Amino acid sequence: MSLAVISAGTLLASVPLVMAGLCGFGAGVGAGDVAVNVDAADVKRITVHGCFSLGTVVGAGAGIAATAARLPAHWHLAAVTLIAAALFLYAMRAVPASIGLGTPGQAGSGGTGSKGRTAGFS
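Residues numbered from 1 in each chain as written. Predicted model: local features only at pLDDT ≥ 70, side-chain atom pairs only at ≥ 80, totals over all residues. Heavy atoms only, no water.

Student: Mind laying out the side chain of Ser 2, listing which residues take part and the relevant values?
Tutor: Mapped onto the elements of the fold, Ser 2 is located in helix H1 (residues 2–12). By relative accessible area, which is 18% here, Ser 2 ends up buried. (Helix = DSSP H or I, 4+ residues; strand = E, 2+ residues; numbered from the N terminus. Buried < 20%, exposed > 50% of the residue type's maximum accessible area, 1.4 Å probe, protein only.)

Here it is as structure tokens:
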């Protein structure tokens, strides 16, 4: 939602709207970072950590391409919003149901005691 607010703010040249969107974006990223770090050891064990770095490079390349094509910022941000929403929905389906449940180290809890579990990841 915050990316959509930022996009609308750039389209309307509204500094307060862009600021509100950036504040929401920062809060969302911060909250998401806390949630990711809670289960980071288990998730990292069953996923490819390098995907984050690859995503950063791909995103930077897309931003450079959009700038070179003189794509207006609001259209670029709108496209990023749609792509991010689609990736989020896809990723949410791939998170194992037991992630975050129980205590660390408890079998089936999403902690270190659940060896070999890759359900939901393909």
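Student: Can you break down the side chain of His 74 residue by residue, with the values?
Tutor: Inspection of the secondary structure assignment puts His 74 in helix H5 (residues 73–94). Not counting residues within four places of it along the chain, the set of residues in contact with His 74 comprises Ser 7, Thr 10 and Leu 11. (Contact = heavy atoms within 4.5 Å.)

Student: Tell me about the confidence of the model for the protein chain, and name the residues and values.
Tutor: In the predicted model, the protein chain carries a mean pLDDT of 78, and the fraction of residues at 70 or more is 73%. When mean pLDDT is taken per element in the protein chain, H1 scores highest with 93 and helix H3 (residues 40–46) scores lowest with 68. Note on residues 107–122: pLDDT under 50 across the span, and 36 contacts to partners over four residues away in sequence or across chains. (pLDDT = per-residue confidence, 0-100.)

Student: Kindly report on the environment of Leu 11, identifying the contributing residues and their values.
Tutor: Its place among the elements puts Leu 11 in helix H1. Among the residues examined, Leu 11 registers a relative accessible area of 53% and is labelled exposed. The sequence separation of Leu 11 and His 74 amounts to 63 residues, and the corresponding C-alpha distance is 5.5 Å.

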